[in-house]
Amino acid sequence: MSSINRPLAGPVLAFDLHEQIAALRAEEPYRRSGRAGRTLAKSGRFRLTLTVMSKDSEIGVHHADSPMTLQVLEGSLRFRAGGQEYTLDRGQVLFFGPGEAHDIRAGEESALLITISAVGDDYRPEETANA
């Protein structure tokens, strides 16, 4: 289903993630490159994106201007961020602030949910520390 035919915002949106994952894996971008993504919801500065990756597929350097979470729904991921190396398995979630993630690689067929809640200068760690 293309973003033209589905709502990205509204008072309530519900998603069957298993159905969404299966649909992404059936699409041409996934068959061609081993990865595909779909924005499920966006409202103001909030974004919720579902991404699927085939085993050993990778995403190059990914730059985030704001804090984000990566939640592994299926499979496992390895990547570097902030000078640290991470492995995330199914059911795990990682929060990280603005910066870059390097060498994001799927250890097996994987699906992840990415949440971004601010854009650009909305993230002010000095205000969070004083709250």
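In case you missed it, the structure is sitting above this.
Residues numbered from 1 in each chain as written. Predicted model: local features only at pLDDT ≥ 70, side-chain atom pairs only at ≥ 80, totals over all residues. Heavy atoms only, no water.

Chemist: Is there a simple way to think about the pattern of salt bridges in this case?
Modeler: Any two side chains of opposite charge can pair, on the condition that their charged atoms come close. Following the criterion strictly, the structure yields six salt bridges and no others. Note that E109 and R25 form a salt bridge whose closest N and O atoms lie 3.7 Å from each other. One end of the pair, E109, is in the loop between β9 (99-106) and β10 (110-116); the other, R25, is in helix α1 (residues 17-25), and 84 residues separate them in sequence. Using a relative accessible area of 43% as the deciding quantity, one classes E109 as partly exposed. Among the residues examined, R25 registers a relative accessible area of 18% and is labelled buried. (Salt bridge = Lys/Arg side-chain N within 4 Å of Asp/Glu carboxyl O. Helix = DSSP H or I, 4+ residues; strand = E, 2+ residues; numbered from the N terminus. Buried < 20%, exposed > 50% of the residue type's maximum accessible area, 1.4 Å probe, protein only.)

Chemist: Looking at this structure, I do not really get the nonpolar core. What am I missing?
Modeler: Nonpolar side chains in soluble globular proteins generally cluster together in the buried interior. One finds M53, L70, L77, F79, L88 and L112 to be the most contacted residues of the largest nonpolar core, which totals 14 residues. For this core, the elements supplying multiple residues, two or more each, are β5 (68-74), β6 (76-81), β8 (93-96), β9 and β10. Counting residues in hydrophobic clusters, the runner-up holds 12 residues, among them I21, A36, L50 and A111. (Core = buried A, V, L, I, M, F, W, Y, C linked by side-chain atoms within 4.5 Å.)

Chemist: What exactly am I supposed to notice about the side chain of Q20 here?
Modeler: By the secondary structure assignment, Q20 is in helix α1. Apart from the residues within four sequence positions on either side, Q20 is in contact with R38, L40 and L50. (Contact = heavy atoms within 4.5 Å.)

Chemist: Could you clarify how one ought to interpret the packing of aromatic side chains in this entry?
Modeler: Each pair of aromatic rings is reported with the distance of its centres and the angle of its planes. Taken as a whole, this structure holds one aromatic pair when the rule is applied. Each ring, one from F79 and one from Y86, has its centre 5.5 Å from the other, and the planes form 25 degrees; the classification is stacked. Owing to a relative accessible area of 28%, Y86 belongs among the partly exposed residues under this scheme. (Phe/Tyr/Trp six-rings, centres within 6.5 Å; stacked < 30°, edge-to-face > 60°.)

Chemist: Just checking my understanding: could you explain α1 for this structure?
Modeler: Two residues of an α-helix separated by three or four positions point the same way, owing to the 3.6 residues in each turn. Looking at α1, one finds that the buried residues are Q20, I21, L24 and R25. Taken down its axis, α1 places every buried residue within 130 degrees of arc, on the same side. Turned more than 90 degrees away from the buried face of α1 sit H18 and E19, all of them exposed. Where α1 is buried, its residues meet α2 (28-33), β1 (35-43), β2 (46-53), β5 and β10. With a side-chain oxygen positioned 3.1 Å from the backbone nitrogen of H18, the residue opening α1 is D16. (Arc of directions from axis to C-beta. Polar contact = N/O pair within 3.5 Å; in protein donor to acceptor, adjacent residues only side chain to side chain.)

Chemist: Explain the pairing of β6 here, please?
Modeler: Put simply, side chains in a regular strand alternate between the two faces of the sheet. When β6 meets strand β7 (residues 84-89), the two strands line up antiparallel, connected through six bridges. Bridge pairing links R80 to E85 in β7. Hairpin connection, β6 to β7: the antiparallel pair is bridged by two residues, and G82 has positive phi, about 55 degrees. (Pairing = 2+ DSSP bridges.)

Chemist: Is there a simple way to think about unusual backbone geometry in this case?
Modeler: Phi is mostly negative for residues that are not glycine, and the peptide bonds are mostly trans. Phi at D56 is positive, roughly 70 degrees, even though this residue is not glycine. In this structure, D56 sits in the loop between β2 and β3 (58-59). Overall, D56 belongs to the partly exposed group, its relative accessible area being 43%.

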